[in-house]
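Fold and geometry: a report
Now for the letters of each chain:
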Amino acid sequence: MKFGISTFVTDEGIDPAELGEATELRGFDALFLAEHSHIPASRKTPYPGGGDLPRHYYRTLDPFVCLTAAAVSTRHLLLGTGIALMIQRDPIHTAKETASLDRVSGGRAILGVGAGWNREEMRNHGTDPGHRGALMNERIRAIRALWTQEEAEFHGDHVDLEPSYCWPKPAQSPHPPIYVGGESERSVERVAEYGGGWLPRSGAENLAKQIEHVRERAGWRVPVTLYAAADDPAAVEQHAHAGVDRILFYLPTEPRDTTLRYLDQFAESARKSQR
């Protein structure tokens, strides 16, 4: 079992370079950062967690900028988006950002992707929520073409890319792994088509059966990284038996000193689980 950290980086918390360094120093192998471009003030879409939308959603820094800062301050830490909201992202820019991160980090980038939940946020990016699944699939396919083809092109219902050159190409071959977030059957299909890993959320029901289903559908032993897990020894043991390969402890967005105390606590829990 491997252990990493998932969190929101904001302007009110720890510096991302120090966060990366502190995460690696404590023995974690991965850091996954969330993103929201903005939060529409109407707040019509209910927060999936219930209640008021937490403050850190409003203040999230760009994950690629933060992961680049973390890359500079680390040597081995894997650097993932958890998740990049692909229906709100231009695929050409995202291909270049991810490939650039992969280059400057020496091949440590992971593109965690998902469709998101905030419908007003989607609409502000010109996305019809009813078409978000198809749009996400085409954008991922276009990104893969930009990463792997010398003269890339893609033609779909939502994405139309004429033959183009796009550098840099990623350091990893054929490209950085794409970890698919979500637990729906459509997410399972995405893992089977282009996923280099599955990124379910902590609390997913019947996780062991879902993992078995994902791997059967994909036809290979897809790596499973559990997102936003609680520091609960009994749950960690259950996740290991279910077939989870990596647990990402959820790091609350707090001031620097509190953040470092949480990291110490999580590191101790990881050590105990491996004894």
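Overview of the structure. Computed from a predicted structure; not experimentally measured. (Residues numbered from 1 in each chain as written. Predicted model: local features only at pLDDT ≥ 70, side-chain atom pairs only at ≥ 80, totals over all residues. Heavy atoms only, no water.)

**Notes on empty space enclosed by the protein**
Overall, the coordinates contain one cavity of 30 Å³ or more when judged by the stated rule. Put simply, the largest cavity is a space of about 70 Å³. In terms of lining, the largest cavity is formed by Thr7, Phe8, Val9, Thr10, Gly13, Ile14, Leu19, Leu251, Pro252, Thr253, Glu254 and Thr259. (1 Å grid on protein atoms, 1.4 Å probe; cavity = no way out; pocket = protein on both sides within 12 Å on 5 of 7 lines; lining within 4 Å. Points joined across faces, edges and corners; volume = space filled by probe spheres on them.)

**A few points about helix 8 (residues 207-218)**
The end-to-end C-alpha distance of helix 8 is 16 Å, a good match for the 16 Å that 12 residues give at a rise of 1.5 Å each. Burial in helix 8 covers these residues: Leu207, Gln210, Ile211, Val214, Arg215 and Ala218. In a view along the axis of helix 8, the buried residues occupy a sector of 130 degrees, so they form one face of it. In helix 8, those exposed residues whose orientation departs by more than 90 degrees from the buried face are Lys209 and Glu216. Of the surrounding secondary structure, the elements contacted by the buried residues of helix 8 are helix 7 (185-194), strand 9 (197-199), strand 10 (225-229) and helix 9 (233-242). Gly219 sits one or two positions beyond helix 8 and adopts a positive phi of about 85 degrees. (Helix = DSSP H or I, 4+ residues; strand = E, 2+ residues; numbered from the N terminus. Expected span 1.5 Å × (residues − 1). Buried < 20%, exposed > 50% of the residue type's maximum accessible area, 1.4 Å probe, protein only. Arc of directions from axis to C-beta. Contact = heavy atoms within 4.5 Å.)

**Topic: the side chain of Thr98**
Mapped onto the elements, Thr98 comes out in helix 4 (residues 91-104). Exposure remark for Thr98: the relative accessible area of 1% places this residue in the buried category. Setting aside residues up to four positions removed in sequence, Thr98 forms contacts with Phe64, Ala109, Leu111, Trp147 and Pro176.

**Things to note about the packing of helix 6 (residues 132-148) against helix 7**
Between helix 6 and helix 7, the shortest axis-to-axis distance is 12 Å and the interhelical angle comes to 15 degrees. By the angle between their axes, helix 6 is roughly parallel relative to helix 7. For the element pair helix 6 and helix 7, the recorded crossing hand is right-handed. Here Gly133, Ala134, Met136, Asn137, Ile140, Arg141 and Arg144 of helix 6 lie close against helix 7, whose contacting residues are Arg186, Arg190, Glu193 and Tyr194. Here the residues of the contact of helix 6 with helix 7 are counted per class, giving four nonpolar, two polar and five charged. (Axes fitted to C-alpha atoms, helices over the stretch in contact; angles between N-to-C directions. Parallel < 35°, antiparallel > 145°, perpendicular 65-115°, else oblique. Left-handed = near helix turned anticlockwise from the far one by under 90°. Nonpolar A, V, L, I, M, F, W, Y, C, P; charged D, E, K, R; others polar.)

**As for the layout of surface pockets**
Counted as a void, the largest pocket has a volume near 990 Å³. Around the largest pocket sit 37 residues that line it, and Pro48, Ile83, Gly116, Trp117 and Arg201 are the ones nearest its centre. Partitioning the lining of the largest pocket into residue classes produces 17 nonpolar, 13 polar and seven charged. Within this model, the second largest pocket holds a volume of roughly 150 Å³. Taken together, Lys2, Leu78, Gly107, Arg108, Ala109, Ile110, Gln172, Pro177, Tyr179, Pro223, Asp245 and Arg246 form the lining of the second largest pocket. Of the residues that constitute the lining of the second largest pocket, the class distribution is six nonpolar, two polar and four charged.

**A short note on the pairing of strand 6 (residues 152-155)**
The side-chain alternation of strand 6 yields one buried face, formed by Ala152 and Phe154, and one unburied face, formed by Glu153 and His155. Strand direction decides the pairing type here: strand 6 and strand 7 (residues 160-164), joined by three bridges, are antiparallel. Directly across from His155, in strand 7, lies its bridge partner Asp160. Linking strand 6 to strand 7, which pair antiparallel, is a turn of four residues. (Pairing = 2+ DSSP bridges.)

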